[in-house]
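Single-letter residue listing:
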Number of protein chains: 2
Amino acid sequence: MPMLVRWMGDDPVMTRQDRLGIFIRKLLSHSPLSAEDQREIRDLPYTIRRLEPNEHILREGEKAKVCPVLLQGYAYRQKTSADGGRQIVALKIPGDALDFQSLYVETADHNLQALTPVELAVFAIKDFERLVAPRPNLARAVLVDILIEASIAREWLLNIGRRNALARLAHLLCEIFYRVQQIAQEDVGGFELPLTQEQLADLLGLTPVHINRTIKILENAGAVRRISRRLTIGDMSKLRQFADFSDLYLHRNTVSGI
Amino acid sequence: MPMLVRWMGDDPVMTRQDRLGIFIRKLLSHSPLSAEDQREIRDLPYTIRRLEPNEHILREGEKAKVCPVLLQGYAYRQKTSADGGRQIVALKIPGDALDFQSLYVETADHNLQALTPVELAVFAIKDFERLVAPRPNLARAVLVDILIEASIAREWLLNIGRRNALARLAHLLCEIFYRVQQIAQEDVGGFELPLTQEQLADLLGLTPVHINRTIKILENAGAVRRISRRLTIGDMSKLRQFADFSDLYLHRNTVSGI
DNA sequence: CGGTCTCTTGACCTCTGTCAAGTAGAGTGG
DNA sequence: CCACTCTACTTGACAGAGGTCAAGAGACCG
């Protein structure tokens, strides 16, 4: 395992409550929660589930019976067109709740799968609902989480609809870096991307071959580095220039109300 | 005004409460609301605001102070890239709430503008919050509304990322037809699109010239018709074939729980 | 009836896709 | 430690969908 997961703690000393720390940190990054709110989350019963890359967490058309939160690894939402084209429509990183949607809507409209080996904390929907319903702060945190994911989807629409391959790739890398940085407890300066070029292609509406060519441009410009096959950020400011990146759409610590 | 707005009622006999009917109908299309819930909405104070095409309802970076609902006309969410590329990231039709997001998040991450001449019902955020907070059914309806918009954004990602121009355009036309049909009280068989080719281009990540070429293909196939400049559906089943369209992602009448 | 905004069309260009062959790591078994 | 295999990456030649440019034609509007 590369350093990417170091700060996610495989530490056997961690208690069950500790393991949810990353989830709480994620929620706190956009919503204020009282110490009691946090404790209530930590005290919620859950089971740990581990999946291999590309295993399904939820399938299009299904009804979810549980509420999974990503503790380790990456996951993605994916849809396919009739002619087999695959599009990844969301990328989830450690700390992200994977399926708040199923708390409120009957059937899944996309496939939810593990991208890397993942570890999930799986709550029962009933438990989660009972927790959130009477606590406005938590209900709001869930809502804000949903809204931020929607905002990211809109930025992706702009990215895929209007930016060329180079800017598109740079933009995605910037976003991942910012998001990982946000939930990491330490600096993630040189973190390594666990994405294959095929996955990058499916994220960006491009082909693997063109991703390869585009990475090389970023690499030659020094914006990105590679150790063997692993992609690493070389020069963030260069990357941002390529990307036309602004983090406004990530809504970091910009909650209204309380 | 073409038949498109006929069923939206400019009828002067309509009371203030009546005018909100289309909003309630939209909410009912995905969430059950008691008669009392509905009355509470109708009794909420609001002001009417009319805007011309492309006028801003909300600007990126701003904080909304009101909660607008679209009564007549179309509106859109839009983002631009550094090199001036414009992408429409959401299309709103009569009955749609335009900005539930601002109830929960500090700053707007996109521009919200009128596409045609529009009529808005504008609620005060405070009023709306006071209405929704103690009513779980209404809170849930707001949430489901937000989730369905997010689902549409994901389908658009697939559409723009993986479908060619022909399927892409056909898919958008199918979606608009289904959505308009859903809130219309009568059959909207031959309804006319109020979109220019440039707007279609900005919706689909294409150029106006290519939209023009693509419309002609659909027209020659009989999937679409044109009277002067106005686009009309010619043959829905053909259009669906071009589009690889399934309406699952619109989540029509598929709510979980109460 | 001139002005303006769309739409239309053709010629040409280029970004990205396709195909195909080859290379390099990572893992496995001997 | 060395084959062997599998998967991912790399590269080049070529193709094609969609973009760009530019000029002209239709609508619509005062």
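Residues numbered from 1 in each chain as written. Chains lettered and ligands numbered in written order. Predicted model: local features only at pLDDT ≥ 70, side-chain atom pairs only at ≥ 80, totals over all residues. Heavy atoms only, no water.

Colleague: Please clarify how the packing of helix 6 (residues 165-183) of chain A against helix 8 (residues 208-220) of chain A should be interpreted in this entry.
Modeller: Axis angle and axis distance: for two packed helices, these are the angle between their axes and the distance between the axes, and together they describe the pair. Residue and element names in this part refer to chain A. One way to put it is that helix 6 packs onto helix 8 with a least axis distance of 10 Å and a crossing angle of 75°. For the element pair helix 6 / helix 8, the angle class is roughly perpendicular. For the pair helix 6 and helix 8, contact is made by Ala165, Leu166, Leu169, Ala170 and Leu173 and by His210, Thr214, Ile215, Ile217 and Leu218, respectively. For the contact of helix 6 with helix 8, the residue count by class is 8 nonpolar, 2 polar and no charged. (Axes fitted to C-alpha atoms, helices over the stretch in contact; angles between N-to-C directions. Helix = DSSP H or I, 4+ residues; strand = E, 2+ residues; numbered from the N terminus. Parallel < 35°, antiparallel > 145°, perpendicular 65-115°, else oblique. Contact = heavy atoms within 4.5 Å. Nonpolar A, V, L, I, M, F, W, Y, C, P; charged D, E, K, R; others polar.)

Colleague: Where do I start with the protein's contact with DNA strand D in this structure?
Modeller: Close to DNA strand D lie 19 residues; A:Gln197, A:Asn212, A:Lys216, B:Arg213 and B:Arg229 are nearest. Atoms of DNA strand D within 4 Å of the protein: sugar and phosphate make up 67%, bases the balance. Within the side chain of A:Arg229, a nitrogen or oxygen atom sits 3.0 Å from a base nitrogen of DNA strand D. For DNA strand D, a base nitrogen lies 2.9 Å from a polar atom in the side chain of B:Arg213. (Near = heavy atom within 4 Å. Polar contact = N/O pair within 3.5 Å; in protein donor to acceptor, adjacent residues only side chain to side chain.)

Colleague: How do you make sense of the relation of the copies chain A and chain B when you look at a structure like this?
Modeller: Comparison of the two chain copies shows a relationship of rotation about an axis with a shift along it. Take chain A, turn it by 180°, move it 0.0 Å along the axis, and it overlays chain B with an RMSD of 0.0 Å. In short, the pair behaves as if placed about a two-fold rotation axis. Most of the interface of chain A is mirrored in chain B: 100% of its interface residues are interface residues there too. (Least-squares fit on C-alpha atoms with pLDDT ≥ 70 in both.)

Colleague: Would you take a moment to explain the domain arrangement of chain A for this structure?
Modeller: Quite often, the size of an interface is put as the accessible area lost when its parts meet. All names here are of chain A. You can read the domains of chain A as domain 1 (3-135) and domain 2 (160-250). Just the C-alpha atoms count here: the centres of domain 1 and domain 2 sit 23 Å apart. At the junction of the two partners, domain 1 supplies 19 residues and domain 2 supplies 20 residues. Note on domain 1 versus domain 2: buried area summed over both sides is about 1900 Å², and carbon and sulfur give 60% of it. At the boundary of domain 1 with domain 2, the tally comes to 2 salt bridges. At the junction of domain 1 and domain 2, the tally comes to 8 residue pairs in polar contact (both at pLDDT 80 or more). Among the elements of the structure, helix 2 (21-28) and strand 5 (86-92) are those that each provide at least two residues to the side of domain 1 that touches domain 2. With 5 residues, the single largest contributor to the side of domain 1 that touches domain 2 is strand 5. (Domains from an automatic or database assignment. Buried area = accessible area lost by both parts, 1.4 Å probe. Salt bridge = Lys/Arg side-chain N within 4 Å of Asp/Glu carboxyl O.)

Colleague: Explain the pattern of salt bridges here, please?
Modeller: It is possible for side chains bearing opposite charge to pair when their charged atoms get close. In this structure the tally under the stated criterion is 38 salt bridges over all chains. In this structure, B:Glu40 engages B:Arg135 in a salt bridge whose closest nitrogen and oxygen atoms are separated by 2.9 Å. Residue B:Glu40 is found in helix 3 (residues 35-42), and its partner B:Arg135 is found in the loop between helix 4 (125-132) and helix 5 (136-162); the two are separated by 95 residues along the sequence. B:Glu40 sits in the buried class, given a relative accessible area of 19%. One network of salt bridges, with partners in common, ties together A:Lys26, A:Asp96, A:Asp145, A:Glu175 and A:Arg179. (Buried < 20%, exposed > 50% of the residue type's maximum accessible area, 1.4 Å probe, protein only.)

Colleague: Would you mind going over the environment of A:Leu218 with me for this structure?
Modeller: Residues and elements named next belong to chain A. Summarising the element assignment, leucine 218 is placed in helix 8. Given the relative accessible area of 1%, leucine 218 is considered buried. A C-alpha to C-alpha distance of 16 Å links leucine 218 and leucine 204, two positions 14 residues apart in sequence. If we skip the residues at most four places from it in the chain, leucine 218 touches Leu166, Leu169, Ala170, Leu173, Ala223, Val224, Leu239 and Phe242.

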